[in-house]
Amino acid sequence: MTTPQATQSTGQAGQPEEIKAVPVRHPGRWLAAAVVLVLVAMFVHTLVTNPRFQWNVIWSYFLSSRVLDGLEITILLTVVAMAIGIVLGVVLAVMRLSANPLLSWASWMYIWFFRGTPVLVQLLFWFNLAFLYPRVSLSVPFGPSFVHANANDLITALTAAILGLGLNEGAYMAEIVRAGILSVEHGQVEAAQALGMSRAQTMRRIVLPQAMRVIIPPTGNETISMLKTSSLASVITVTELLYAVQLIYAVNFKTIPLLIVASIWYLIATSVLTVGQYYIERHYARGSVREQPPTPWQRLRRSLLTFHAPVPEPPSQLPLREGR
Amino acid sequence: MVLAECLHKSFGRLEVLRGIDLEVARREVVCIIGPSGSGKSTLLRCVNHLEKINSGRLWVDGELVGYRQHGGRLYELREREICAKRAEIGMVFQQFNLFPHMTALENVIEAPIRVKGISKAQAAELAGQLLDRAGLKDKASAYPKQLSGGQQQRVAIARALAMQPKLMLFDEPTSALDPELVGDVLAVMRDLATSGMTMIVVTHEMGFAREVADVLVFMDEGIVVEAGRPREVLSNPQHERTRAFLSKVL
């Protein structure tokens, strides 16, 4: 118990004196921190002292052209498959919400099929499409054809991987986009229509930009997930990052060091994507909060430029659009 | 300007409008009052075809709303034609419905650029004048979240006026506002009425209705119970239902 004297004592300027109390101790936190520290130390110790990690091998392959080529294919697969997925996702989501029951049903069926089968099976399926359709042709439906091609020439391992990953992604993106569209208040559509905007204009200018706030975070997840899922393309002989290192260790048997090389590159790529996602989210959050908090970079720059202990500045000095 | 004959509108089995007859002359201000659920907002939304009527006829500026009559048959209008007609009718909503991802200025210039196809510079100039008239000159680059309710509603009015409409619809424009902010919005509306705009205003502001309206319409249960000069309707209501409603709100 504190005495009434202690609580009522005042400072010099007549202001209540600042409270100086003994803080509550948290022995549990110290114990937990100690356990974590020991585990981290053990991990670092084994990384450094276990010679079988073969760090010299890791660094010698880290920037080798075969690994970098693999990384390039991985990034290409991720970018193209996500682009297909996003475009397809928007189309499928708009179809799903359409007043036309046939379009809505077709979209539902697509999502049902591509979410309902493993992406690995879809990849193998596209890779082996030539068994089902040896020849592919461009023609009038049920009528004469103009151009033919051999399916084996048309569907290379890379195109099979792009198709498999992209079409599968479209089904997931469709649900993400649909959730985003549904999150926009109906009053927004009415306001746009009352101004004479067409349904297409309303969707493009009013609904989708607002839906983006809901769409971006899961899309970032999907992109990071896609970066890693693209390693499945190794089973259909696409020399992306994983298959590139597999080809190397199949010859020299340095399996673990090369898998670590691939893992480090995957970590670097996902880190870059995470930073990108942060800034895109900021861009689409404009207008949704009164003021945006400064980015870590802005905070760093500001504390470097002020030359004294960083005082938390009111965020009101920040132009809202700076996230662009 | 607006002519409604025996208008009916149902949502499922609920009949919201049960035979509305209404006439609004050019440059006239009509205020609609009535208890909630009486169909006031629905009537307003029918005028710019946000709701489809089930029967009756509705004309705006001599043309049927939503349909074209040809050889004794009605044809639904195409989306493009409906949009063109809506572009001539401004609407202000109870919840403002400003576009939150755009600044005040961007809100106002969006439709003139996209729908009317005028240049950005021209649209911005007109928008500047309108925001100025609404007392929001220095708020052009603010996002709706950074504005008070009263300021947001005045931006919404400027947004509607930017399309240079020949008719303005107000759907309880001050009902979502804090009491001390109502006055600014009503002042902008009064200014607009004085400038000769044709207006239909659904409102609970009896003072505004008494002062500004040329005609006051009392609606209840989907029909027009009484209509006339505001002073007469307010001080000497002819119908029991009008008397009962007014005794509660005045």
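Residues numbered from 1 in each chain as written. Chains lettered and ligands numbered in written order. Predicted model: local features only at pLDDT ≥ 70, side-chain atom pairs only at ≥ 80, totals over all residues. Heavy atoms only, no water.

### Section: the packing of aromatic side chains
To describe a pair of aromatic rings, you give the distance between the ring centres and the angle between the ring planes. Enumeration over the complete set of coordinates arrives at 8 aromatic pairs over all chains. Consider the rings of A:Trp59 and A:Phe62, whose centres lie 5.5 Å apart with planes at 80°: the pair is edge-to-face. Taken together, the residues A:Trp59 and A:Phe62, both in helix α3 (residues 55-62) and 3 residues apart, mark about one turn of the helix. Their ring planes at 40° and their centres at 5.2 Å tell us that B:Phe218 and B:Phe245 sit as a pair that is tilted. Remark: B:Phe245 occurs in helix α9 (residues 240-249) and B:Phe218 occurs in strand β11 (residues 215-220); sequence separation between them is 27 residues. For the pair B:Phe218 and B:Phe245, a shared accessibility class is recorded, and that class is buried. An aromatic cluster of three or more residues is present, and its members are A:Phe53, A:Trp55, A:Trp59, A:Phe62 and A:Trp265. Geometry around B:Phe99 places B:Arg159 over its ring, the cationic atom sitting 4.5 Å from the centre. (Phe/Tyr/Trp six-rings, centres within 6.5 Å; stacked < 30°, edge-to-face > 60°. Helix = DSSP H or I, 4+ residues; strand = E, 2+ residues; numbered from the N terminus. Buried < 20%, exposed > 50% of the residue type's maximum accessible area, 1.4 Å probe, protein only. Lys NZ or Arg CZ within 6 Å of the ring centre and 35° of its normal.)

### A closer look at the sheet that holds strand β8 (residues 89-92) of chain B
Residue and element names in this part refer to chain B. Pairing is mixed in the open sheet, where 6 strands are placed in the order β8-β9-β10-β3-β11-β12. The open sheet is flanked by β8 and β12 (223-228), the only strands paired with a single partner. Adjacent strand axes in the sheet meet at a mean angle of 15°, parallel and antiparallel pairs treated alike. Inspection of the sheet shows β11 paired to β12 by 5 bridges, in the antiparallel sense. Counted as the bridge partner of Val-217 is Ala-227 from β12. (Pairing = 2+ DSSP bridges. Axes fitted to C-alpha atoms, helices over the stretch in contact; angles between N-to-C directions.)

### Overview of the pairing of strand β10 (residues 198-202) of chain B
Residue and element names in this part refer to chain B. Counting buried positions along β10 gives 5 out of 5 residues, so the element sits mostly inside the fold. By the alternation rule, side chains of β10 split into Thr-198, Ile-200 and Val-202 and Met-199 and Val-201, which are all buried. By the bridge criterion, 4 bridges tie strand β3 (residues 29-33) to β10 in an arrangement that is parallel. Within the sheet, the bridge partner assigned to Ile-32 lies in β10 and is Val-202. Pairing between strand β9 (residues 167-171) and β10: 5 bridges, direction parallel. Bridged to Phe-170 within β10 is Val-201.

### With respect to the environment of B:Ile113
Residue and element names in this part refer to chain B. Relative to the elements of secondary structure, Ile-113 occurs in helix α3 (residues 104-116). As a C-alpha pair, Ile-113 and Ala-142 span 29 residues in sequence and 20 Å in three-dimensional space. If sequence neighbours within four positions are ignored, Ile-113 has contacts with Ile-118, Ser-119, Lys-120 and Ala-123. (Contact = heavy atoms within 4.5 Å.)

### Some points on the sheet that holds strand β5 (residues 63-64) of chain B
Residues and elements named next belong to chain B. With respect to topology, 4 strands assemble into an open sheet ordered β2-β1-β4-β5, the strand pairing being antiparallel. On the outer flanks of this sheet lie β2 (14-24) and β5, each paired with one strand and no other. Pairing between strand β1 (residues 2-11) and strand β4 (residues 55-60): 5 bridges, direction antiparallel. Considered in β4, the bridge of Val-2 is made with Val-60.

### A short note on the packing of helix α4 (residues 65-96) of chain A against helix α5 (residues 101-116) of chain A
All names here are of chain A. For the pair α4 and α5, interaxial distance at closest approach is 7 Å and the crossing angle is 135°. Judged on the interaxial angle alone, α5 and α4 are oblique. Crossing geometry of α4 relative to α5 is assigned as left-handed. Two secondary-structure elements touch here, α4 through Leu-88, Leu-92, Met-95 and Arg-96 and α5 through Leu-103, Ser-104, Ala-106, Ser-107, Trp-108, Tyr-110 and Ile-111. (Parallel < 35°, antiparallel > 145°, perpendicular 65-115°, else oblique. Left-handed = near helix turned anticlockwise from the far one by under 90°.)

### Re helix α2 (residues 79-86) of chain B
When we look at burial in α2(B), the residues that qualify are B:Ile82, B:Cys83 and B:Arg86. When α2(B) is viewed along its axis, its buried side chains cluster within an angular range of 100° and face the same direction. (Arc of directions from axis to C-beta.)

### A closer look at the side chain of B:Thr203
Residues and elements named next belong to chain B. Inspection of the secondary structure assignment puts Thr-203 in the loop between β10 and α7 (206-212). Thr-203 sits in the buried class, given a relative accessible area of 2%. In terms of polar contacts, Thr-203 uses its side chain to reach the backbone amide nitrogen of Glu-205, at 2.9 Å. Not counting chain neighbours up to four residues away, the residues in contact with Thr-203 comprise Cys-31, Ile-32 and Ile-33. (Polar contact = N/O pair within 3.5 Å; in protein donor to acceptor, adjacent residues only side chain to side chain.)

### Observations regarding the nonpolar core
B:Val155, B:Ile157, B:Met168, B:Phe170, B:Met189 and B:Met199 are the most contacted members of the largest nonpolar core, which totals 51 residues. With 7 residues, helix α6 (residues 179-194) of chain B is the single largest residue contributor to this core. Filtering out sequence-adjacent residues up to four positions away, B:Met199 remains in contact with B:Glu28, B:Val29, B:Val30, B:Met168, B:Phe170, B:Met189, B:Leu192 and B:Ala193. Formed by 40 residues, the second largest nonpolar core is a distinct cluster that contains A:Ala191, A:Ala192, A:Leu195 and B:Ile89. (Core = buried A, V, L, I, M, F, W, Y, C linked by side-chain atoms within 4.5 Å.)

### Here's the deal with the layout of surface pockets
Empty space within the largest pocket amounts to approximately 890 Å³. Lining the largest pocket we find 28 residues, and of these A:His186, A:Val189, A:Gln193, A:Arg199 and B:Glu79 sit closest to its centre. Looking at the lining of the largest pocket, the elements that each hand over two or more residues are α9 (157-183), α10 (186-194) and α11 (199-229) of chain A together with α2 of chain B. Classifying every residue of the lining of the largest pocket by side-chain character gives 15 nonpolar, 6 polar and 7 charged. In terms of lining, the second largest pocket is formed by 21 residues, of which the most central are A:Gln188, A:Gln210, B:Leu98, B:Pro100 and B:Lys145. Considering every element that reaches the lining of the second largest pocket, the biggest residue donor is α11(A), with 4 residues. Its residues assigned to classes, the lining of the second largest pocket comprises 8 nonpolar, 9 polar and 4 charged. (1 Å grid on protein atoms, 1.4 Å probe; cavity = no way out; pocket = protein on both sides within 12 Å on 5 of 7 lines; lining within 4 Å. Points joined across faces, edges and corners; volume = space filled by probe spheres on them. Nonpolar A, V, L, I, M, F, W, Y, C, P; charged D, E, K, R; others polar.)

### Some points on empty space enclosed by the protein
Residues and elements named next belong to chain B. For the coordinates displayed, the defined rule picks out 4 cavities of 30 Å³ or more. Size it by volume and the largest cavity reaches roughly 60 Å³. For the largest cavity, the full set of lining residues is Leu-130, Arg-133, Ala-134, Arg-154, Ile-157, Ala-158, Leu-161, Val-188 and Asp-191. When contributions to the lining of the largest cavity are tallied by element, the ones reaching two or more residues are α4 (120-133), α5 (149-161) and α6. For the lining of the largest cavity, the leading source of residues is α5, giving 4 residues. Residues belonging to the lining of the largest cavity are distributed by class as follows: 6 nonpolar, no polar and 3 charged.

### Concerning the pairing of β9(B)
Residues and elements named next belong to chain B. Most of β9 sits out of view: 5 of its 5 residues are buried. Side chains Leu-167, Leu-169 and Asp-171 of β9 all project onto a buried face; the interleaved residues Met-168 and Phe-170 project onto the opposite face, where all are buried too. Here β8 pairs with β9 via 4 bridges, running parallel. The residue bridging Val-92 from the neighbouring strand is Phe-170, located in β9. With α6 bridging β9 and the parallel β10, this β-α-β connection has right-handed handedness. (Right-handed = clockwise from strand over helix to strand, strands pointing away.)

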